[in-house]
Structure formats: structure tokens, C-alpha cells
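Per-entry structural report
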Amino acid sequence: MSGLPVLRLASAIEAISLVILLVNLVTAHAKPVSAVMGPLHGAAYLVVIMITLLARAPIVPGVRLRALIPGIGGLLAVRRLERGDTRER
């Protein structure tokens, strides 16, 4: 899959931004943090979904379904793609 580096980066941004949002929610709940990290998280989530849906490589349907899980789905998809799985087990 040629978009694997982009998928890896978008997945990391999605996961990190979710952690920041949750920590902000539990602690200070600063509105500027939410205003910046919320859209960043959403955009990264959409990038992860689009890259996996538009992949031309023959990948298992489970990879695409994993990408739909908010927060960690992209990381799970990257892990599965890096192993080189091309069929369902």
C-alpha cells in the first residue's frame, strides 16, 4: 500500500489528539485546547478512513473495518498492513 506512511502519520495524530482531548476534558477543560484538537482529531480520523477505503492494494476487509474505530482504529489498520496480510484468517 503506497499510502502507508501517510496512514501511519494520520493514525498517530488521531490517537495523540484523542488522548489530549480526553485529558483536557478530565482536567482543566480549556476551550482553546478543544477548539484546536477537536478539528485536528476529526480531520485525522477522516484521513485514516479515506486512505484505507481508497487503497488499491488487495487488503482484507477487516483492515477497512478497523479504520472505522475512533482513536485506535488507524493504529490497528497500520499494524495489520505492516504484517502484510492480504487474506482473512
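The following paragraphs examine the structure supplied in this document. Note that the coordinates shown come from a computational prediction; the quantities given were computed from them, not determined experimentally. (Residues numbered from 1 in each chain as written. Predicted model: local features only at pLDDT ≥ 70, side-chain atom pairs only at ≥ 80, totals over all residues. Heavy atoms only, no water.)

**Concerning a nonpolar patch on the surface**
Counted only if it meets this: The residues that make up patches have over 30% relative accessible area and no salt bridge, and they are joined within 9 Å when like-charged or within 5 Å when they are Val, Leu, Ile, Met, Phe, Trp or Tyr. Accessibility throughout is a Shrake-Rupley quantity obtained with a 1.4 Å probe, and a residue counts as covered only by protein chains that appear here. Each salt bridge in this description consists of a side-chain nitrogen of Lys or Arg and a carboxyl oxygen of Asp or Glu lying within 4 Å of one another. Helix and strand definitions here come from DSSP, where helices need a minimum of 4 consecutive H or I residues and strands a minimum of 2 consecutive E residues; each element is numbered from the N-terminal end. Classification of residues uses two cut-offs on accessible area relative to the type maximum, computed with a 1.4 Å probe and protein chains only: under 20% is buried, over 50% is exposed, and between them is partly exposed.
The grouping of Leu 9, Ile 13 and Leu 40 at the surface amounts to a nonpolar patch, some 250 Å² of accessible area in total. Mapping Leu 9 onto the fold places it in helix α1 (residues 4-26). According to the relative accessible area criterion, Leu 9 is exposed, its value standing at 54%.

**Some words on helix α4 (residues 73-82)**
Structurally, the α-helix is built with 3.6 residues per turn, so residues lying three or four positions apart point the same way. Defined as follows: The directions considered for the arc are those from the helix axis to the C-beta atoms.
Taken residue by residue, α4 has Gly 73, Gly 74, Ala 77, Val 78, Arg 80 and Leu 81 as its buried positions. All buried residues of α4 lie within an arc of 165 degrees about the axis, which places them on one face of the element.

**Quick notes on the pattern of salt bridges**
Two side chains that carry opposite charge are able to pair once their charged atoms sit near each other. Summed over the entire model, instances satisfying the criterion amount to one salt bridge. Here Glu 82 and Arg 8 are joined by a salt bridge, their closest N and O atoms 2.8 Å apart. Taken together, the positions of Glu 82 in helix α4 and Arg 8 in helix α1 put the pair 74 residues apart, joining distant regions of the chain. A residue is classified by how much of its surface remains accessible, and Arg 8, at 38% relative accessible area, is partly exposed.

**With respect to unusual backbone geometry**
Even without being a glycine, His 29 presents a positive backbone phi close to 50 degrees. Looking at the secondary structure, you find His 29 in the loop between α1 and α2 (31-53).

**Quick word on the packing of α1 against α2**
The cut-off we apply is this: Each axis is a line fitted through C-alpha atoms, and for a helix only the stretch in contact is used; angles between axes span 0 to 180 degrees, taken between their N-to-C directions. Definitions for this section: a left-handed crossing has its near helix turned counterclockwise from the far helix by less than a right angle. A right-handed crossing has that turn clockwise. Any two residues whose heavy atoms approach within 4.5 Å are treated as being in contact. Residue type decides the class: Asp, Glu, Lys and Arg count as charged, Ala, Val, Leu, Ile, Met, Phe, Trp, Tyr, Cys and Pro as nonpolar, and the leftover types, Gly among them, as polar.
At their nearest, the axes of α1 and α2 sit 8 Å apart, and the two run at 150 degrees to each other. Crossing handedness for the pair α1 and α2: left-handed. In contact with Val 6, Leu 7, Ala 10, Ser 11, Ile 13, Glu 14, Ser 17, Leu 18, Ile 20, Leu 21 and Asn 24 of α1, α2 contributes Val 33, Ser 34, Met 37, Gly 38, Leu 40, His 41, Ala 44, Tyr 45, Val 47, Val 48, Ile 51 and Thr 52. Residues belonging to the contact of α1 with α2 are distributed by class as follows: 15 nonpolar, seven polar and one charged.

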